[in-house]
Every structure is written in structure tokens, then in C-alpha cells.
Amino acid sequence: MNAIKLETHSYSLYYGKFRALEDISIEIPEKQVTAIIGPSGCGKSTFLRTFNRMNDLIPGVRTEGQALLDGEDIFSMDVVALRQRVGMVFQKPNPFPKSIYDNVAYGPRVNGIREKNVLDEIVETSLRGAALWNEVKDNLGKSGLALSGGQQQRLCIARALAVKPSVILMDEPAASLDPIATQRIEELIRQLVEHYTIVIVTHNMQQAGRVSDYTAFFFTDESRTGRLVEFNLTRKIFTNPQDKRTEDYITGRFG
Amino acid sequence: MNVPDITSTNAMNLAEKRSAADLRRRQAAQKLSFGLFWLGALVVILIMLVVVGYVFITGFKSINLQFLTTPPKGGLSGEGGISTTVITTLYLVGLILAISAPLGIGAAVFLIEYQGQTQSGGKFIRSLLQVVNFGVETLAGIPSIIFGLFGYALFVSTLKFGFSLLSAALAGACLVLPTIIRTTQEALLTVPVSLREGSLALGATRWQTISKVVLPAAIPGIITGIMLSVGRIISETAVFYVTLGGSYRLPKNLFSGGRTLSLHLFYLAMDTNAFEKAMGTGAVLIVSIILINLIIDLISRKLSAGVRLHQ
Ligand SMILES: Nc1ncnc2c1ncn2[C@@H]1O[C@H](COP(=O)(O)OP(=O)(O)O)[C@@H](O)[C@H]1O
Ligand SMILES: [Mg+2]
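Residues numbered from 1 in each chain as written. Chains lettered and ligands numbered in written order. Predicted model: local features only at pLDDT ≥ 70, side-chain atom pairs only at ≥ 80, totals over all residues. Heavy atoms only, no water.

## As for the overall build of chain B
Argument step 1. For chain B, the count of helices and strands is eleven helices and zero strands.
Argument step 2. Taken from N to C terminus, the helices and strands of chain B fall in the order α-α-α-α-α-α-α-α-α-α-α.
Argument step 3. The C-alpha atoms of chain B give a radius of gyration of 27 Å, which is well past the 19 Å a tight globule of 311 residues would have.
Argument step 4. In terms of its C-alpha atoms, chain B occupies a principal-axis envelope of roughly 100 × 60 × 30 Å.
Argument step 5. Burial statistics for chain B: of 311 residues in total, 40% are counted as buried.
Argument step 6. When contacts within chain B are restricted to residue pairs at least 6 apart in sequence, long-range pairs at least 24 apart make up 72% of them.
Argument step 7. Charge separation in chain B, taken as the distance between the mean sites of 23 positive and 12 negative side-chain charges, equals 4 Å. (Helix = DSSP H or I, 4+ residues; strand = E, 2+ residues; numbered from the N terminus. Rg over C-alpha atoms; globule rule 2.2 N^0.38 Å. Buried < 20%, exposed > 50% of the residue type's maximum accessible area, 1.4 Å probe, protein only. Contact = heavy atoms within 4.5 Å. Lys, Arg positive; Asp, Glu negative; His and termini not counted. Charge placed at Lys NZ, Arg CZ, Asp CG, Glu CD.)

Here's what the structure looks like:
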């Protein structure tokens, strides 16, 4: 088994008084795709946003327990440095209202890279890495907003790659895309996992089955507090779930 | 299978008839209310045309190149043109914006972007911000003469700047600050959270996010606020009446007084018999305001096009 890239130990998160996540312990392996599945509102996004500390932006958020990246405590890291190591792709494509080039060069630029030739190089490799280069190489000055939804999402992936992270978090990256664009993103995820650790939230179980190596099943009850029910190889979760709730969920009994 | 036919033809006809009558009634109601709206709009436009037309027709005779390029002669005759007052107005617009734009935009950024972002001890700061926001709202609705009195008391007498460009610029900045703050706040709020998150997730600092993503996206709205302020400055009389003095000469430095175009109009109307000159000055003022509003319109059109593109 691969080294452990991300882990939490007895991790809980509160939005004010509301406990959104309780006692989550998980070890996410390096250079694998880990899918987080579960019904809507069970805390998948909240949990994902732990690893780049996006929850810091929300007033009143409090956490207990540990979250580690490469064995280091995430919460005592410099948050800017953390986000250079852990990139994120959001549910709705959110390119900046800037050119394709400036979108991809944004991350390197805010991290202090100024040299034109270095930036050019990063932009090209990142766009190639996101399987978008061939479509846009003649139009790098065009606005990122002028691309199709699927292209915009790949632009956002390229933008994340440009910072040279080792982890990429994806929060339902294909939720707003048509089936063909979705398929391209899924293929891309399988290519990216050669070099990156990928954690993807999805409520589409077929997608989890297609793209992920490991699957974490989150669930919640009337308390609305999210808990980790089961974490295992995707193959095992789908063929031989250990928990009744996992089985019910993947056989569609919860919808 | 034999499904019983619940919608018998009779019942259907009745329903159809009823809905047809209903439709006619609703269409008539719509016609009537739209007619009333039109009438209202027509009356408003008419009133506006009469006012503007009157000013233009009576003022037209006195407007020519000489009127625009010679200074007023002063005195009771109201002879001469308006050149120095135009220049003084421009000076004042420049000075006021130089003071109020950075301050106002900075305050708005602070109020919006850092609101509730303070992690510990946030309650106190949050309620402080609420008070400041309330203050800005209130200031925006205060009659301008109050700003004038304040400017007179503080800048003209206490600080001894006298009736001067400086006093007028500082008082004028107080006058337009709430406008700039509020329009900038609104512009910042239209920038989607997803853009801020996208930037922060790439390892940008909060300030980089504001300066490289949020502010550029908000620029059209901010410019609109600034143009609104320019219009406000050009048409303002009360504030400058009590801070700028009334000299019709060109101000030599920050400490000399002067008169703006509107102030000149006020003096012409109150102290002279040069009624046509006053109307000519009024026409020039109206044209400048119309131009500014056209620019604002253009910008907000661009703005909404940009927003649409993003959705
Ligand atoms: N900013 C927030 N403030 C308060 N509660 C929140 C916030 N974001 C999410 N929640 C709550 O936390 C729970 C988990 O939300 P989320 O992580 O978005 O779930 P999921 O991604 O699985 O649909 C939900 O009950 C949601 O209402
Ligand atoms: Mg979610």
C-alpha cells in the first residue's frame, strides 16, 4: 500500500453550536483517487475543505482532533503554504474573468514568479496536464469565461496544477457538466493520479466506482451530524460492504 | 383497460369558457394598469422636458464660444462668461476625488471583505462594523447644507483654512464619501464568492485576492459610484456656498476661494439681473450632468454584460 498522504484522527467540526462532523479518523493513501460519497448534507464538502482549510473563511467554525498532511499538522501550517501543496477544484467552474493565460498564471504569479519564460512554460505544462492545451493553444488571450463549461472546469484544473500541488481536492467537479464533459474529466482524473493524490467528493456512485481506488462512505441521521461509516478499497465497498448502511446506500435504498 | 372518461365534453366546454372569460378579464386589467403606468411615465417625461427645454431656450442666446472662454466680470451686471467657474469646478472635482476615492474605496473594501472575518474576539469588531455601516447609510441621506456647516465650522474657522479650495474640497469629500462607500460596497458584493474562494485556494493571500480578483471585477461599479459623485459635486451649491467663498477669479492655490459653476448660477440668479446668463449657465450644467449620466449608463451596461457572461 502507498504511503499515507492525508489523515485525520478523531476529527470533529462545528459550525457554531452545530456539529457537522464527528469523530472522523481516516488515512488517505498517496497517489490514489479517494472518493467521498454519501447523501447530500452529510458533510462531504465540509470534510474535503478541511484539507486546504477553506473552512477557516467561515466565521464560527471550530474543530477538534487532528488533520495531517504528510504527517504534519495542517492547522499549525501557514495557510498560504498549505494551499500551495493542496489544490482545489470546485463544484461550479469558477475561472477568473481574465484570459486563459492569466487564469493559469494566477497561482504562480501570486506566489512570486514573474519571469515570462518560466510562466509560459508553466502555463503550457499545466494546460497539457489538464488535457486542454490542444483546444486553447492558439487562443490563450481569450477570456476564460468564453470557454464551454467542461473546458472551464479543465481550465480550473490547469489553474490548480500550475501551483504544483501534491494533492488535488475536487468537490463534485462534474456536477454541472454534461455526460461527455463529465467523461473527459473522469479520464483526466485517472491520468492525474499518476502524479497527484486526489480526493473527490461525488454523490454519483457510478462515478465513484469508475474513478476511485478507495471510497469513504459518509452518513448522517436525524442529528445531521456527519460520520464516516466505512472506508475501504472501492472494489470492496461496492462488492462487499461491511456496514448495513453502506449496502443500503449503494444499492440505492436511500436514493 | 377501460378508463372512465371523467372529463365529459360538457364539463370541458364549461371549463374552457370560464378560462376564456377569465383570460379576457386579466388581459383587460393588464391593459388598464399598463395604460396608467404609461400615463405616469409620460407626465414625468413632459415635466422634465418643460424644465430642461425652458432652461435651454432662455439660456441658449447667451451660450457661445466667448461665453465659455471668458471669465465673469463680477459686479451686479453679471457680464462676462463662465470660464473661471468651469475651471474651478474641475479643480474641485479633481481634489475631492483625490481625497474621497481612495478613502471611500478603502473603507468599503474593509467593511465588506473583512466583515465577520475576524476569528477571535469577532463579536466586538462585528458590532463596530455594523455601527459604521449604519453611519454610512445615515450620512448618505443627510441634507448637504449640514456637511456645509460642518465644513465651515471645522475647516474654514477652526482649522483656519478660510474660504478656500482646500476647505471646499474637504467638505465636498465628506459629502460624497458615503456615496462612494456605498456604491463600492454594492459592487464588491456582486463579485461571486466562488471567485474569492478560487483565488484563496490557489495560495493567494486575502489582500492579493482583493487586489487582483475582487477589485478588478468590481471596477465598473466603482467607476459608477465615482461618476455619481462627480455629478453630485458639479450640482452641489450649499456646501460650497459656505466653504468656497464666492470669488469669480481663478483660484491661485489651495488657500484661495472661488466659485463653481452652480455657485456662479446661484450668484447670477440672486445678485444680478443677468437672467439669461444664469439660464445659459444652467444649460451648461444640465449638459454636463447629462453627459455624466450617459457615461454611467454605458458603464453599467458593460457591467451587467460582464455579469451575464459569468453566469
Ligand atoms: N457555512 C455553513 N454554516 C453553517 N452550516 C453549514 C455551512 N456549510 C455547511 N453547513 C451544514 O453542514 C452540513 C454539511 O454540509 P456539507 O459539507 O455542504 O454537506 P455535503 O457536501 O455532504 O452535501 C449541512 O447540514 C449543512 O447545512
Ligand atoms: Mg457538497
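From this point, the narrative continues.
## Notes on the interface of chain B and chain A
When the parts of a complex come together, some accessible area is lost, and that lost area is often used as the size of the interface.
Argument step 1. Counting residues at the interface gives 22 residues for chain B and 26 residues for chain A.
Argument step 2. Buried surface at the junction of chain B and chain A, summed over both partners, amounts to about 2000 Å²; 60% is from carbon and sulfur atoms.
Argument step 3. Per-residue buried area on chain B facing chain A is highest for Glu197(B), Ala201(B) and Leu202(B); these three make up 30% of the total on that side.
Argument step 4. The tally of links from chain B across to chain A stands at one salt bridge.
Argument step 5. Close ionic contact of Glu197(B) with Arg49(A) constitutes a salt bridge, the shortest N to O distance being 2.8 Å.
Argument step 6. There are five residue pairs in polar contact (both at pLDDT 80 or more) connecting chain B and chain A.
Argument step 7. Listed by contribution, the elements that provide at least two residues to the side of chain B that touches chain A are helix H7 (193-201), helix H8 (206-235) and helix H11 (275-310) of chain B. (Buried area = accessible area lost by both parts, 1.4 Å probe. Salt bridge = Lys/Arg side-chain N within 4 Å of Asp/Glu carboxyl O. Polar contact = N/O pair within 3.5 Å; in protein donor to acceptor, adjacent residues only side chain to side chain.)

## Some remarks on the packing of helix H3 (residues 83-113) of chain B against helix H6 (residues 165-189) of chain B
Residue and element names in this part refer to chain B.
Argument step 1. Between H3 and H6, the shortest axis-to-axis distance is 6 Å and the interhelical angle comes to 40°. Overall, the two elements H3 and H6 adopt an arrangement that is oblique. Along this stretch, H3 crosses H6, giving a crossing that reads as right-handed.
Argument step 2. Its residues assigned to classes, the contact of H3 with H6 shows 24 nonpolar, six polar and one charged. (Axes fitted to C-alpha atoms, helices over the stretch in contact; angles between N-to-C directions. Parallel < 35°, antiparallel > 145°, perpendicular 65-115°, else oblique. Left-handed = near helix turned anticlockwise from the far one by under 90°. Nonpolar A, V, L, I, M, F, W, Y, C, P; charged D, E, K, R; others polar.)

## Side note on the site of ligand 1
Residue and element names in this part refer to chain A.
Argument step 1. Lining the immediate surroundings of ligand 1 are Tyr15, Phe18, Ala20, Ser40, Gly41, Cys42, Gly43, Lys44, Ser45, Thr46, Ile58 and Arg224.
Argument step 2. A distance of 3.1 Å separates an oxygen atom of ligand 1 from a polar atom in the backbone of Gly43.
Argument step 3. Thr46 places a polar side-chain atom, nitrogen or oxygen, 2.5 Å from an oxygen atom of ligand 1.
Argument step 4. Relative to its free-state accessible area of 560 Å², ligand 1 is covered by the protein chains to the extent of 65%.
Argument step 5. Residue assignment for the shell around ligand 1 shows that the elements contributing at least two residues are strand S2 (18-29) and helix H1 (44-48). (Near = heavy atom within 4 Å. Areas by Shrake-Rupley, 256 points an atom, 1.4 Å probe, with all protein chains shown as cover.)

## Quick word on the domain arrangement of chain B
Residue and element names in this part refer to chain B.
Argument step 1. Splitting chain B by domain gives domain 1 (2-62) and domain 2 (65-310).
Argument step 2. Here domain 1 and domain 2 have C-alpha centroids that lie 40 Å from each other.
Argument step 3. The interface is formed by eight residues belonging to domain 1 together with ten residues belonging to domain 2.
Argument step 4. Each partner contributes to the roughly 770 Å² buried at the junction of domain 1 and domain 2, and carbon and sulfur atoms together form 76% of this total.
Argument step 5. When the buried area of domain 1 at its contact with domain 2 is split by residue, Val55, Phe56 and Ser62 rank highest and sum to 58% of it. (Domains from an automatic or database assignment.)

## Observations concerning a nonpolar patch on the surface
All names here are of chain B.
Argument step 1. There is a patch of nonpolar side chains on the surface, built from Leu32, Leu36, Leu39, Val43, Ile47 and Val51 and spanning about 590 Å² of accessible area.
Argument step 2. Position of Val51 relative to the elements: it lies in helix H1 (residues 9-60).
Argument step 3. The exposure class of Val51 is partly exposed, given its relative accessible area of 47%. (Patch = residues over 30% accessible without salt bridge, like charges linked within 9 Å, V, L, I, M, F, W, Y side chains within 5 Å.)

## Some words on the packing of aromatic side chains
Argument step 1. Summed over all chains, the structure comprises 15 aromatic pairs over all chains.
Argument step 2. Their ring planes at 15° and their centres at 6.2 Å tell us that Tyr11(A) and Phe75(A) sit as a pair that is stacked. Separated by 64 residues along the polypeptide, Tyr11(A) in strand S1 (residues 4-15) and Phe75(A) in the loop between strand S5 (72-73) and helix H2 (79-85) bring together distant segments of the chain.
Argument step 3. For Tyr11(A), a relative accessible area of 0% translates into the label buried.
Argument step 4. A ring pair is formed by Tyr241(B) and Phe266(B), whose centres lie 5.1 Å apart and whose planes are at 75°; its orientation type is edge-to-face. (Phe/Tyr/Trp six-rings, centres within 6.5 Å; stacked < 30°, edge-to-face > 60°.)

## Here's the deal with empty space enclosed by the protein
Argument step 1. Counted under the stated rule, the structure contains one cavity of 30 Å³ or more.
Argument step 2. Space inside the largest cavity adds up to approximately 50 Å³.
Argument step 3. If you go around the largest cavity, the residues you meet are Met88(A), Val89(A), Phe90(A), Asn94(A), Cys156(A), Arg159(A), Ala160(A), Gly198(B), Ala201(B) and Leu202(B).
Argument step 4. Counting only elements with at least two residues in the lining of the largest cavity, the list comes to strand S6 (86-89) and helix H6 (149-161) of chain A together with H7 of chain B.
Argument step 5. Among the elements that line the lining of the largest cavity, the one with the most residues is H6(A), at three residues.
Argument step 6. Residues of the lining of the largest cavity, tallied by class, amount to seven nonpolar, two polar and one charged. (1 Å grid on protein atoms, 1.4 Å probe; cavity = no way out; pocket = protein on both sides within 12 Å on 5 of 7 lines; lining within 4 Å. Points joined across faces, edges and corners; volume = space filled by probe spheres on them.)

## Overview of the environment of Ala20(A)
Residue and element names in this part refer to chain A.
Argument step 1. Note that Ala20 resides in strand S2.
Argument step 2. With 166 residues separating them along the chain, Ala20 and Glu186 place their C-alpha atoms 29 Å apart.
Argument step 3. For Ala20, the residues in contact, after removing those within four places along its chain, are Leu13, Tyr14, Tyr15, Cys42, Arg224, Thr225 and Gly226.

## Notes on the pattern of salt bridges
Residues and elements named next belong to chain A.
Argument step 1. The full count for this structure, using the stated rule, is 23 salt bridges over all chains.
Argument step 2. Among the ionic pairs, Asp70 bridges to Arg85, the shortest N-O distance being 3.1 Å. In this pair, Asp70 is assigned in the loop between strand S4 (61-69) and S5 and Arg85 in helix H2, connecting sequence segments 15 residues apart.
Argument step 3. Accessibility expressed as a relative area gives 35% for Asp70, which makes it partly exposed.
Argument step 4. Looking at Arg85, the relative accessible area reads 25%, which means it is partly exposed.
Argument step 5. Sharing partners across several salt bridges, the network here consists of Lys5, Glu30, Asp70, Glu72 and Arg85.

## Some remarks on the environment of Ala131(A)
All names here are of chain A.
Argument step 1. Within the element layout of this structure, Ala131 appears in the loop between helix H4 (116-129) and helix H5 (133-136).
Argument step 2. Ala131 sits 20 residues away from Gln151 along the chain, and the two C-alpha atoms are 9.3 Å apart.
Argument step 3. Setting aside residues up to four positions removed in sequence, Ala131 forms contacts with Arg154, Arg184 and Leu188.

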